[in-house]
Amino acid sequence: MGIEKALRLVKDLPRVALNNIKNSPMDQKKPHNLRRGWGKNKTHGRGHKGQGQRMTLPKLGFETGHKPFYLRVPQEYYYEGHHLKRQYPPLSLLRLQRMIDMGCLDPNEVIDISSICMTGHYHLHVDRRHYGINLTEEGAEKFSTPICIEVQWASEMTIATIERLGGVIMTRFYDPLSLIALQDPETYFKTGKPIPKCKLPPTDAVEYYSDPKFRGYLADPEKIAEERVALSQKYGYDLPDLSESDKLSLLLKRKDPRQIFFGLHPGWIVNLTEKKILKPKAEYLQEYYHS
Amino acid sequence: MLGQTCRKITGSLNVSPRIEFKRYLWRNSICQQKIDITLKYTDEASGSIANKEPTLYEKFLKNPKSVPLITSRKLENCNKYRQPRQAWLETLSTVEDHKLGMLDLHPDIFAVHPRLDILYHNLRWQEFYKKIDYNWTPSRGDLDVSGGKQMPQKGSGRARNRNRSSIMFRTGAKPLGPKGPRALFYMLPKQYRVQGLCTALSFKYAQNNLHIVDSLEIPTDDPEYIQDLIDTRFWGFSALFVDDTDYMPENITYALAEFPSYNILPVYGLNVRDMLKHETLILTLAAVEKIEQKLLFHSSRNKRSSRFSMDTRYDQY
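What counts and what doesn't
Residues numbered from 1 in each chain as written. Chains lettered and ligands numbered in written order. Predicted model: local features only at pLDDT ≥ 70, side-chain atom pairs only at ≥ 80, totals over all residues. Heavy atoms only, no water. Phe/Tyr/Trp six-rings, centres within 6.5 Å; stacked < 30°, edge-to-face > 60°. Buried < 20%, exposed > 50% of the residue type's maximum accessible area, 1.4 Å probe, protein only. Lys NZ or Arg CZ within 6 Å of the ring centre and 35° of its normal. Helix = DSSP H or I, 4+ residues; strand = E, 2+ residues; numbered from the N terminus. Pairing = 2+ DSSP bridges. Polar contact = N/O pair within 3.5 Å; in protein donor to acceptor, adjacent residues only side chain to side chain. Contact = heavy atoms within 4.5 Å. Patch = residues over 30% accessible without salt bridge, like charges linked within 9 Å, V, L, I, M, F, W, Y side chains within 5 Å. Areas by Shrake-Rupley, 256 points an atom, 1.4 Å probe, with all protein chains shown as cover. Salt bridge = Lys/Arg side-chain N within 4 Å of Asp/Glu carboxyl O. Lys, Arg positive; Asp, Glu negative; His and termini not counted. Charge placed at Lys NZ, Arg CZ, Asp CG, Glu CD. Axes fitted to C-alpha atoms, helices over the stretch in contact; angles between N-to-C directions. Buried area = accessible area lost by both parts, 1.4 Å probe. Left-handed = near helix turned anticlockwise from the far one by under 90°. Nonpolar A, V, L, I, M, F, W, Y, C, P; charged D, E, K, R; others polar. Core = buried A, V, L, I, M, F, W, Y, C linked by side-chain atoms within 4.5 Å.

### Some words on the packing of aromatic side chains
Here is step 1 of the chain: For the structure shown, the criterion picks out 13 aromatic pairs over all chains.
Here is step 2 of the chain: Relative to Tyr-129 of chain B, the ring of Trp-125 of chain B lies with its centre 4.8 Å away and its plane at 20°, an arrangement referred to as stacked.
Here is step 3 of the chain: By relative accessible area, Trp-125 of chain B is classed as buried at 13%.
Here is step 4 of the chain: Residue classification places Tyr-129 of chain B among the partly exposed residues on the basis of a relative accessible area of 31%.
Here is step 5 of the chain: An aromatic cluster of at least three residues, connected via ring pairs, comprises Tyr-88, Tyr-131, Trp-153, Phe-173, Tyr-208, Tyr-209, Phe-214 and Tyr-217 of chain A.
Here is step 6 of the chain: Positioned above the aromatic ring of Phe-169 of chain B, the side-chain terminus of Arg-164 of chain B is 4.2 Å from the ring centre.

### Side note on the pairing of strand β3 (residues 99–105) of chain B
Residue and element names in this part refer to chain B.
Here is step 1 of the chain: Along β3, 5 of the 7 residues are buried, which leaves the element largely enclosed by surrounding structure.
Here is step 2 of the chain: Pairing geometry for strand β2 (residues 85–90) and β3, over 6 bridges, is antiparallel. Along β3, the bridge assignment pairs Trp-88 with Met-102.

### Points about the side chain of Gln-259 of chain A
Residues and elements named next belong to chain A.
Here is step 1 of the chain: The residue Gln-259 is located in the loop between α11 (248–251) and β6 (269–271) in this model.
Here is step 2 of the chain: Residue Gln-259 is classed as buried on the basis of its relative accessible area, which comes to 12%.
Here is step 3 of the chain: From its side chain, Gln-259 meets the backbone oxygen of Phe-261 in a polar contact 3.0 Å long.
Here is step 4 of the chain: Once residues within four sequence positions are removed from consideration, Gln-259 is found in contact with Arg-172, Tyr-174 and Leu-264.

### What about a positive patch on the surface?
Residues and elements named next belong to chain B.
Here is step 1 of the chain: Together, Arg-140, Lys-149, Lys-154, Arg-160 and Arg-162 make up a region of like positive charge exposed at the surface.
Here is step 2 of the chain: Mapping Lys-149 onto the fold places it in the loop between β4 (132–133) and β5 (182–183).
Here is step 3 of the chain: On the accessibility criterion, Lys-149 (43% relative accessible area) is partly exposed.

### Regarding the sheet that holds strand β6 (residues 210–213) of chain B
All names here are of chain B.
Here is step 1 of the chain: Reading across the sheet, the 6 strands line up as β3-β2-β6-β10-β7-β9 and stay open at both edges, with mixed pairing between neighbours. Single-partner strands in this sheet number two, and they are β3 and β9 (262–266). Geometrically, the sheet is characterised by an average inter-axis angle of 30° between neighbouring strands, direction not taken into account.

### Some points on the interface of chain B and chain A
Here is step 1 of the chain: Between chain B and chain A, the contact holds 21 residues from the first and 17 residues from the second.
Here is step 2 of the chain: Contact with chain A buries surface across chain B, with Tyr-120, Gln-207 and Leu-276 of chain B losing the most and accounting together for 26% of the total.
Here is step 3 of the chain: Summed over the shared surface of chain B and chain A, the result is 3 salt bridges.
Here is step 4 of the chain: Measuring nitrogen to oxygen at the nearest pair gives 3.0 Å for the salt bridge that ties Glu-4 of chain A to Arg-82 of chain B.
Here is step 5 of the chain: On inspection of chain B and its partner chain A, the count reaches 7 residue pairs in polar contact (both at pLDDT 80 or more).
Here is step 6 of the chain: For the side of chain B that touches chain A, the elements supplying multiple residues, two or more each, are α5 (116–128), α6 (190–206) and α9 (272–277) of chain B.

### With respect to the pattern of salt bridges
Here is step 1 of the chain: Overall, the coordinates contain 18 salt bridges over all chains when judged by the stated rule.
Here is step 2 of the chain: One salt bridge in this structure joins Glu-163 of chain A and Arg-215 of chain A, with 2.8 Å as the shortest N-O distance. On the criterion of sequence distance, the pair formed by Glu-163 of chain A in helix α6 (residues 156–164) and Arg-215 of chain A in the loop between α9 (203–209) and α10 (221–235) is long-range, its members being 52 residues apart.
Here is step 3 of the chain: One salt bridge connects Asp-97 of chain B with Arg-233 of chain B, and the closest N-O pair in it is separated by 3.8 Å.

### Considerations on the packing of α6 of chain B against helix α10 (residues 285–299) of chain B
Residue and element names in this part refer to chain B.
Here is step 1 of the chain: In contact at an axis separation of 10 Å, α6 and α10 are set at 140° when each is read in the N-to-C sense. At the point where α6 passes α10, the crossing takes the left-handed sense. Facing α6, whose interface residues are Lys-190, Gln-191, Val-194, Gln-195, Leu-197, Cys-198 and Leu-201, α10 presents Ile-291, Leu-295, His-298 and Ser-299.
Here is step 2 of the chain: Residues that form the contact of α6 with α10 fall into these classes: 6 nonpolar, 4 polar and 1 charged.

### Looking at the nonpolar core
Here is step 1 of the chain: By size, the foremost hydrophobic cluster in this structure holds 41 residues, and its most contacted members are Leu-119, Leu-201, Val-242, Leu-281, Leu-283 and Leu-295 of chain B.
Here is step 2 of the chain: If one sorts the elements of this core by residue count, α6 of chain B sits on top with 7 residues.
Here is step 3 of the chain: Residues contacting Leu-201 of chain B, with those up to four places away along its chain left out, are Ile-109, Phe-110, Met-275, Leu-281, Leu-283, Ile-291 and Leu-295 of chain B.
Here is step 4 of the chain: Leu-96, Ile-133, Ala-140 and Ile-169 of chain A belong to the second-largest nonpolar core, a separate cluster that totals 40 residues.

Shown next as C-alpha cells:
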C-alpha cells in the first residue's frame, strides 16, 4: 500500500507549488563532458596521436583478428533452465527398510516427509529447488514391512512393492514454504510464524497428483481402489484385504490438502517453551485459512 | 473590458445574462455561436423568473431535511480494492461555511500516486510547447564584411588570415551559434498529461486545498462579499474556481474581476500549472462529474481502442 502511505505523508508536507517541484534524479541526464576545463587544453585528455586520439579504437572484446574469448566457448542449451526445475532427491526402498530396522522410523505411525528428514539420514534443501522425496525401486526385493507412507514421487514398482505387503502409499505435493516447516518443525516453530497453508501443485504437476495410477492425493479414491487391483494383476501378487488388517485406522489416516502436520491446522502458532497453541480469532484470518 | 461588454448586453436585453468567455475555435463557427447566444437570451427573456429552480442552499434553508445528504455518488469502474475518497459539498451562497452534504470521489483520479516528476514534466511542457527561441547570431556569411585579405600573406609577423569575419578574430563571427526563430514545441505523451491532471487533483485533495461547491451562484456582485467568504474559510491568497461550461453566473464574474489572484475557469481550461499556482481549487459538482468522466475515459484509452472511434471530435465539445 505504497500509494496510501505516500498520500498520508504528503498531507503533512508543505503545499506543492511551482517553486518546489523537481524532476526525478534518474531522468536528469548528465551533460556530455566537453573537457574544456583547467588542465584539459591541448589534447583534452586523449594523449598523443594513435587510435586513442583519432577515435579509431576497435570494439570491446576484439583480439586483433583471432577468435576472441567470448566467441570461443559455444552455447550449450541442453541444461538450460535445469537450475529452475523441480528436483526430487531419491530415497531407495533399501534405505527406508534400513531406517525402519534401525529404529529411526516407526512402522506403526504414518511415515511422513518430516519424520524421514528428522532421522538425519535424508537431507532436503528447499533453496536448491528440492520439492520432496522420490522413492526409488532399489531394494524392492528386500523390503518387508507394511507401512503407510506419504512421498512426493513414486514409480509403479515401488507402489506395487508397498501394496503387496499390505501397506498404503500416497503421493502428495508440498510447496516450498510448507517444506521449510516440514523438514525441521522445531526450528520453524521457534521462529514464531504460523503454520502455512499448503498450496496446490503447479499446472505441470496437477496431472501427476490427480492420477490414480500414482496414488495422487487429488485423485478419486474409488479409482485408486480400481488401480490397486489392476496393479496386483499386472505384477502377479494377491492384493491383501486391508479391512481385515490390524492397522486399519492407521492406513486410513489422511491429511487435508491444505494441512501440513497431523493434528495441527494452518494458521496456528505453536509455542514450544510454554507448550501452548495460539489460534487466530479474526474473521478474515479464519476465512483465509479455511479456504 | 469584460465588465463593459457585460453591461452593454444587460442594457440592451434587460435580463440577467450568462456571460460567455472568449474562446478561439478551430472551425469558423463563431457566427453560429453568436446566433445561439441571442436565441438563448430571448428564450430566457420569454420564460418567467418565477419558474426558476431554487438552488440547493435555498432548499436547505427552507427545510434542512429535504436536501439529500449525498453519501454514495455513482463511481464508474471503481477498483474494489481501493476506497473512494470523501469530500464535503459546500456552498458560496453565504459567507459562513455551511455543508450541504458529502460526496464520494473516484480514487483513480483523486488518490493517485503523488508523483512530483509527472507534475514537473507537465509544467515544463506547458512552458516550452509555446516557446519560440528568437536568438540569432550572424555566421561568417551574415556579417557585413568585405571579402578581401586583411594583410599580405607574409611579412607582418602576425598569423595568416583572410577577411575579418573569421572566427579567430575578436570582431569575427560565432561558429554554430543560435540561428533564427526556433520552435521548442513538443507534445508530452497523452498518459503523462492525463496523469498530471490526476496527480495535481490528488495533491490538492490530500493537502486539504480542494473544495467542492454546488454552483458558483452568489447573492451579490460586491467584491467584498467574495473577499470575506474566502477570508473566513481561510482559502488563502489565491483561488481557482472551476465550472463545467464557459457560461458563468453574472455576480461572480463581476466580483472576481476586481481580484487578480482569484480566477474562474471552465473545465476545458483546467491545467496543472494553474492548479499549482493557485493555493485553493474550488470545483462545482457538475465540473467534478465532467472531470471524472473525461479523465477516466482517457486514462484507459490506447491507440488500438481509439483506432476507428469518433468519440473525441473537437466539434462535439
